[in-house]
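Report on the structure
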Amino acid sequence: MRTTAEKLRMIKEAEESASEVIAAAHREAEKLVRKAREEAEAYREAERKKAREDGEKELERRLGEARREADEIAAEFSRRKSALLTVARERKGEAVALLLKRLQEAGKASF
């Protein structure tokens, strides 16, 4: 049989070995946690980047839509302005013709 001193030495060696295994396990766990945190941060950053890109694409789409609408409004304004100018010219011509007619009638009446 083993002596008490041998048994104590074996227990101490087992405790030291267990402590080393536990310390190694802690170091490995810390590495895994650190790696997981880094991966999580990289994932968050990738998601932020994707969200920014998606937001920029949506903004560009909306800006394009707004520009098209503005172009349509400008074209409609131009058409209406042109129509109003045409009507104004016609009315002016009619007013001048009426004025000339009245002047002629007034001139005939004075003779």
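Check the entry above for the structure.
Residues numbered from 1 in each chain as written. Predicted model: local features only at pLDDT ≥ 70, side-chain atom pairs only at ≥ 80, totals over all residues. Heavy atoms only, no water.

**What to know about the overall build of the protein chain**
So the rule is basically this: Secondary structure elements are taken from DSSP: a helix is a run of H or I of four residues or more, a strand is a run of E of two residues or more, and numbering for both begins at the N terminus. C-alpha atoms define the radius of gyration, and 2.2 Å times the number of residues to the power 0.38 defines the globule rule. Any residue under 20% of the maximum accessible area for its type is buried, any over 50% is exposed, and the rest in between are partly exposed; the area is computed with a 1.4 Å probe on protein chains only. Surface accessibility follows the Shrake-Rupley procedure with a 1.4 Å probe radius. Residue values consider only the protein chains on display as shielding. We score Asp and Glu as negative and Lys and Arg as positive, and we do not count His or the chain ends. Just so you know, the charge point we use is NZ for Lys, CZ for Arg, CG for Asp and CD for Glu.
If you tally the helices and strands in the protein chain, you get one helix and zero strands. A compact globule built from 111 residues should have a C-alpha radius of gyration of about 13 Å, whereas the protein chain, at 47 Å, is more than 25% larger. Seen through its C-alpha atoms, the protein chain measures out along the principal axes to roughly 160 × 15 × 10 Å. Across the 111 residues of the protein chain, 1% fall into the buried class. Split by element, the accessible area of the protein chain, about 10,400 Å² in all, is 59% carbon and sulfur. Here the protein chain carries 28 positive and 25 negative side-chain charges, and the mean point of each set is 8 Å from the other.

**Focus: the pattern of salt bridges**
Stated formally: Here, a salt bridge means any Lys or Arg side-chain nitrogen found within 4 Å of an Asp or Glu carboxyl oxygen.
Scanning all chains against the criterion turns up 12 salt bridges. Note that Arg48 is salt-bridged to Glu45, the shortest N-O span being 3.2 Å. In this pair, Arg48 and Glu45 both sit in helix H1 (residues 4-110), three residues apart, roughly one turn of the helix. A salt bridge links Arg61 to Glu58; its shortest N-O distance comes to 2.6 Å. With Arg61 and Glu58 both in helix H1 and three residues apart, this pair spans about one turn of that helix. The class for Glu58 is partly exposed, based on a relative accessible area of 29%.

**A few points about the environment of Ala18**
Position of Ala18 relative to the elements: it lies in helix H1. You can call Ala18 partly exposed: its relative accessible area is 36%. Separated by 81 residues in sequence, Ala18 and Leu99 have C-alpha atoms that sit 117 Å apart.

**So, a nonpolar patch on the surface**
The criterion, for reference: Only residues whose relative accessible area exceeds 30% and that form no salt bridge enter a patch; like-charged residues are grouped when within 9 Å of one another, and nonpolar side chains (Val, Leu, Ile, Met, Phe, Trp, Tyr) when within 5 Å.
Taken together, the side chains of Val96, Leu99, Leu100 and Leu103 define a hydrophobic patch exposed on the protein surface, amounting to about 380 Å² of accessible area. Mapped onto the elements, Leu100 comes out in helix H1. Exposure remark for Leu100: the relative accessible area of 47% places this residue in the partly exposed category.

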